[in-house]
Amino acid sequence: MTVNLDTRSELSTPHAENAPLLGQSLAQLTDWVVRQGQPKYRGKQLYQWIYQQGARSLAEISVFPKAWREEMGEGAIGRSTLHYRSVAPDETRKYLLRLADGLIIETVGIPTENRLTVCVSSQVGCPMACDFCATGKGGFTRNLQAYEIVDQVLTVRDDFQRRVSNVVFMGMGEPLLNTAQVVAAVKCLNEDVGIGQRSLVISTVGLQGRIHQLAQYKLQATLAVSLHASNQRQREQLIPSAQHYPLQQLLEECREYVEITGRRITFEYILLAGVNDSKENAAELARHLRGFQTHVNLIPYNPIAEVDYQRPTRDRINTFKKTLEGENIAVSIRYSRGLEADAACGQLRASRSQLEAV
Ligand code: SAH
């Protein structure tokens with residue numbers, strides 16, 4: 001598989017004139033203003049207004065000459081419009097954003113005292129159809145462009161009026177079915193929005209050859225792999241795509257990723273009562289991860305309407321954790337925020353009433 005590692009320039013060709021300005025680098029924006037017959041320094045102004053001020057159209061960039069602004073008409077930059085917002089009691093905010101073609105995606109903002117984490121979507125819907133995930137029940141429409149991912153982060157930043165410290169690709173979609181755009185978004189978030197690559201997490205269900213492909217970009221972002229099962233048979237039951245991808249092979253690709261990038265991998269493991277949460281499962285999981293530079297993130301199941309899995313009791317969750325720790329594996333439990341606003345992991349599928357809200 002050949003990979004074009006220059007994901008930024010890929011974005012600007014061949015339709016640079018019509019390409020959204022959002023997502024473009026300083027050099028690309030400078031080229032653009034010069035092509036519009038403007039002096040070079042306006043590139044820097046445009047860049048600052050897009051990424052720092054959060055301008056939504058060229059018309060609002062008040063440092064630009066009035067005549068030029070009028071000439072450019074509406075001058076859309078590539079920002080979405082807010083369709084719906086809900087705020088959970090824990091201050092987590094969920095957004096439904098309308099894209100230029102009218103499609104709706106979901107984004108979540110998760111504040112703590114020291115952090116503001118944005119959970120972004122990488123696709124409209126998701127084709128993976130994991131059994132426990134609401135997004136997968138709604139089907140798949142299309143991949144997002146890098147600028148549509150960056151827009152989600154700017155939208156949450158502007159709404160909270162706070163710096164975004166972390167971004168996790170854990171919203172709708174499978175990032176590694178859209179690798180080039182996800183990598184371009186990572187670079188833009190890092191270089192232009194100013195978020196450290198190590199504060200970015202790309203979460204994947206793991207698809208054959210795709211982790212190998214991602215490794216070639218040598219990102220410093222963290223890779224999280226949704227394992228969710230301690231053996232192949234069980235994984236196939238929960239994740240349809242696992243039928244084409246043996247667990248051993250997935251783990252091999254993960255080992256190679258660690259070697260190439262020098263970064264640890266996080267494994268995510270959803271805990272479903274009576275399905276994959278026994279001590280035996282924990283011991284089996286530990287055997288797979290022996291000698292691996294890793295961290296396991298346990299995610300107690302968040303209920304969705306379509307299936308009747310249960311979240312395990314706290315005791316059972318803690319026993320699972322202790323069993324892994326007994327094998328010297330670093331573990332944390334992620335109790336998702338935003339449950340009440342249907343904003344927690346796996347719950348991103350807008351209800352009809354949210355979609356119809358004006
Ligand atoms: N496609 C990516 C990103 C998906 S969402 C991936 O599979 O990793 C991020 C995490 O939320 C994944 O680990 C996913 O399996 C998990 N998740 C999905 N549905 C869930 C649910 N109902 N409860 C808890 N976690 C869930």
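Residues numbered from 1 in each chain as written. Predicted model: local features only at pLDDT ≥ 70, side-chain atom pairs only at ≥ 80, totals over all residues. Heavy atoms only, no water.

Some words on the overall build of the chain
Looking only at helices and strands, one finds 13 helices and 12 strands in the chain. Taken against the 2.2 N^0.38 rule, which gives 21 Å for 358 residues, the C-alpha radius of gyration of the chain at 21 Å falls within 12% of a compact globule. The C-alpha extent of the chain, read off along each of the three principal axes, is 70 × 45 × 35 Å. Per-residue burial over the chain gives 57% buried out of 358 residues. Taking the contacts inside the chain whose residues are at least 6 apart along the sequence as the reference set, 65% of them involve residues at least 24 apart. Taken as a whole, the chain presents about 15700 Å² of accessible surface, with 48% of it coming from carbon and sulfur. Put simply, the chain has 40 plus and 38 minus side-chain charges, and the middle of one group is 4 Å from the middle of the other. (Helix = DSSP H or I, 4+ residues; strand = E, 2+ residues; numbered from the N terminus. Rg over C-alpha atoms; globule rule 2.2 N^0.38 Å. Buried < 20%, exposed > 50% of the residue type's maximum accessible area, 1.4 Å probe, protein only. Contact = heavy atoms within 4.5 Å. Areas by Shrake-Rupley, 256 points an atom, 1.4 Å probe, with all protein chains shown as cover. Lys, Arg positive; Asp, Glu negative; His and termini not counted. Charge placed at Lys NZ, Arg CZ, Asp CG, Glu CD.)

Comments concerning the packing of helix H2 (residues 26-35) against helix H3 (residues 41-51)
Direction vectors running N to C along H2 and H3 enclose 125°, while the axes themselves pass 8 Å from each other. Between H2 and H3, the angle is such that the two are oblique. When the axes of H2 and H3 are compared, the crossing they make is right-handed. Counted together, Leu26, Leu29, Thr30, Trp32 and Val33 of H2 and Arg42, Gly43, Lys44, Leu46, Tyr47, Ile50 and Tyr51 of H3 form the full contact between these two elements. Split into classes, the residues belonging to the contact of H2 with H3 amount to eight nonpolar, two polar and two charged. (Axes fitted to C-alpha atoms, helices over the stretch in contact; angles between N-to-C directions. Parallel < 35°, antiparallel > 145°, perpendicular 65-115°, else oblique. Left-handed = near helix turned anticlockwise from the far one by under 90°. Nonpolar A, V, L, I, M, F, W, Y, C, P; charged D, E, K, R; others polar.)

A short note on the pattern of salt bridges
Pairing is possible between side chains that carry opposite charge, provided their charged atoms lie close to one another. For the structure shown, the criterion picks out 15 salt bridges. With a closest N to O distance of 3.7 Å, Glu70 and Lys66 form a salt bridge. Taken together, the positions of Glu70 and Lys66, both in helix H4 (residues 66-71) and four residues apart, correspond to about one turn of that helix. For the pair Glu70 and Lys66, one class covers both residues: exposed. Across the salt bridge formed by Arg255 and Glu252, the nearest N and O atoms sit 3.7 Å from each other. Of this pair, Arg255 and Glu252 are both found in helix H10 (residues 247-261), three residues apart, which corresponds to roughly one turn of the helix. Given a relative accessible area of 47%, Glu252 falls into the partly exposed group. (Salt bridge = Lys/Arg side-chain N within 4 Å of Asp/Glu carboxyl O.)

Some words on the domain arrangement of the chain
Many analyses report the size of an interface as the accessible area lost when the parts associate. Annotation of the chain at the domain level lists domain 1 (21-72) and domain 2 (81-355). Computed over C-alpha atoms only, the centres of domain 1 and domain 2 are separated by 34 Å. Listed as interface residues are 11 residues of domain 1 and, on the opposing side, 11 residues of domain 2. Contact between domain 1 and domain 2 buries roughly 800 Å² in total, counting both sides, with carbon and sulfur atoms accounting for 51%. If you look at where domain 1 meets domain 2, you find zero salt bridges. Connecting domain 1 to domain 2 are four residue pairs in polar contact (both at pLDDT 80 or more). (Domains from an automatic or database assignment. Buried area = accessible area lost by both parts, 1.4 Å probe. Polar contact = N/O pair within 3.5 Å; in protein donor to acceptor, adjacent residues only side chain to side chain.)

Thoughts on the site of the ligand
Not every one of the 19 residues close to the ligand is listed here, only the nearest: Phe132, Ser203, Ser226, His228 and Asn302. Contact between the ligand and Gly173: a nitrogen atom at 3.0 Å from a main-chain N or O atom of the residue. Between Asn302 and the ligand, the recorded distance is 2.9 Å, taken from a backbone N or O atom to a nitrogen atom. Isolated, the ligand exposes 530 Å² of accessible area, and the fraction of that covered by the protein chains is 96%. Residue assignment for the shell around the ligand shows that the elements contributing at least two residues are strand S8 (200-204) and strand S10 (265-271). Here the shell around the ligand is composed, by residue class, of 10 nonpolar, seven polar and two charged. (Near = heavy atom within 4 Å.)

As for the sheet that holds strand S2 (residues 93-98)
Strand pairing in a sheet relies on backbone hydrogen bonds. The paired strands run either parallel or antiparallel. With mixed pairing, the 10 strands of this open sheet are ordered in space as S1-S2-S3-S4-S7-S8-S9-S10-S11-S12. Each having just a single partner strand, strand S1 (81-87) and strand S12 (330-333) make up the two edges of the open sheet. Within the sheet, the average angular offset between the axes of one strand and its neighbour, ignoring direction, is 20°. Sheet contacts for helix H7 (residues 179-191): strand S7 (166-169) and S8; angle to S7, the most-contacted strand, approximately 175°. With respect to the sheet, helix H12 (residues 314-326) is in contact with S10, strand S11 (294-300) and S12, its orientation differing from that of S12 by roughly 165°. (Pairing = 2+ DSSP bridges.)

Some thoughts on the nonpolar core
Formed by 81 residues in total, the largest nonpolar core has its most connected members in Leu46, Phe267 and Leu324. Taken domain by domain, the makeup of this core includes at least three residues from each of domain 1 (21-72) and domain 2 (81-355). (Core = buried A, V, L, I, M, F, W, Y, C linked by side-chain atoms within 4.5 Å.)

Re unusual backbone geometry
Positioned with a positive phi, Glu91 is a non-glycine residue whose angle comes to about 80°. Along the chain, Glu91 turns up in the loop between S1 and S2. Phi angles above zero are rare outside glycine, and Ala129 is one such case at about 55°. Counting through the fold element by element, Ala129 comes out in the loop between strand S5 (123-125) and helix H5 (134-137).

Let's talk about helix H11 (residues 279-289)
Turning to H11, its buried residues number three or more, namely Asn281, Ala282, Leu285, Ala286, His288 and Leu289. Projected down its long axis, H11 carries its buried residues within an arc of 160°, all on one side. Along H11, the residues that are exposed and aim more than 90 degrees away from the buried face are Lys279, Glu280 and Arg287. Contacts made by the buried residues of H11 are with helix H9 (232-238), H10, S10, S11 and H12. One or two steps after H11, the chain reaches Gly291, where phi turns positive at roughly 75°. (Arc of directions from axis to C-beta.)

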